[in-house]
Amino acid sequence: MREPFFASELAVRLGLSIRLRQAASDLAGSNTASVLRSGDLELDLIRRRAARLGKVIDLRPKEFLLLEYLVRNANRPVTRTMILEHVWNSSFEGLTNIVDVYISALRSKVDRDFPQKLIQTKRVGASWSPILHKL
């Protein structure tokens, strides 16, 4: 940190650093899975990599978060609002178009070149919900 600084800022930074180190050591020492799988799709949560049938899928950070959310909710429909709240940490309804854009980009990257499509859409009335199907 550069001077001048406030003691409260130093306390917050130290607390954050301690929590991050503790979380990293807990993750390294625990038996929790660092890889999520859904059918032939594999997400490495540590390296932030996605692969399908061994083929690496190049994803932007938000695309990875969105795909992780879909994998964690495999075979369950998720709404635009649920996606906004969990991926973008927002409940602003005006951003639903961004969800559509990211789902479309994710579909083209995850399902392109594969006969079996994982991300499907379930229409409910005038709205839709993307569903990641386990194979």
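Quick caveat, the model's predicted, so the values are computed rather than measured.

A. Spatial organisation of the overall build of the protein chain. Within the protein chain, the regular secondary structure consists of 4 helices and 6 strands. Per-residue burial for the protein chain yields a buried fraction of 32% across its 135 residues. Put simply, 46% of the contacts in the protein chain that link residues at least 6 apart link residues at least 24 apart. Split by element, the accessible area of the protein chain, about 9000 Å² in all, is 54% carbon and sulfur.

B. Geometry of the packing of aromatic side chains. One pass over the structure, following the stated rule, counts 1 aromatic pair. A cation sits over an aromatic face here: Arg-52 above Phe-114, 4.4 Å from the ring centre.

C. Spotlight on the nonpolar core. In this structure, Leu-66, Leu-67, Ile-83, Leu-106 and Val-110 are the most contacted members of the largest nonpolar core, which totals 25 residues. When contributions to this core are tallied by element, the ones reaching two or more residues are β2 (41-44), α2 (61-72), α3 (80-87) and α4 (96-110). In terms of residues, this core owes the most to one element, α2, which gives 6 residues.

D. Structural view of the pairing of β2. Pairing of strand β1 (residues 35-38) with β2 involves 4 bridges; the strand directions are antiparallel. Across the sheet, residue Ser-38 finds its bridge partner in β2, namely Leu-41. Hairpin connection of β2 to strand β3 (residues 49-52): 4 residues between the antiparallel strands, including Arg-48 at a positive phi of 60 degrees.

E. Main features of the pattern of salt bridges. Within the structure shown, the criterion is met by 11 salt bridges. Among the ionic pairs, Asp-44 bridges to Arg-47, the shortest N-O distance being 2.9 Å. Of the residues examined, Arg-47 reaches a relative accessible area of 56% and is grouped as exposed. Arg-80 is the salt-bridge partner of Asp-100, the closest N and O atoms lying 3.0 Å from each other. Here Arg-80 lies in helix α3 and Asp-100 lies in helix α4, a separation of 20 residues in the sequence. What makes Asp-100 partly exposed here is its relative accessible area of 26%. The network of salt bridges with common partners includes Asp-40, Arg-52 and Asp-111.

Conventions we followed
- Residues numbered from 1 in each chain as written.
- Predicted model: local features only at pLDDT ≥ 70, side-chain atom pairs only at ≥ 80, totals over all residues.
- Heavy atoms only, no water.
- Helix = DSSP H or I, 4+ residues; strand = E, 2+ residues; numbered from the N terminus.
- Buried < 20%, exposed > 50% of the residue type's maximum accessible area, 1.4 Å probe, protein only.
- Contact = heavy atoms within 4.5 Å.
- Areas by Shrake-Rupley, 256 points an atom, 1.4 Å probe, with all protein chains shown as cover.
- Phe/Tyr/Trp six-rings, centres within 6.5 Å; stacked < 30°, edge-to-face > 60°.
- Lys NZ or Arg CZ within 6 Å of the ring centre and 35° of its normal.
- Core = buried A, V, L, I, M, F, W, Y, C linked by side-chain atoms within 4.5 Å.
- Pairing = 2+ DSSP bridges.
- Salt bridge = Lys/Arg side-chain N within 4 Å of Asp/Glu carboxyl O.

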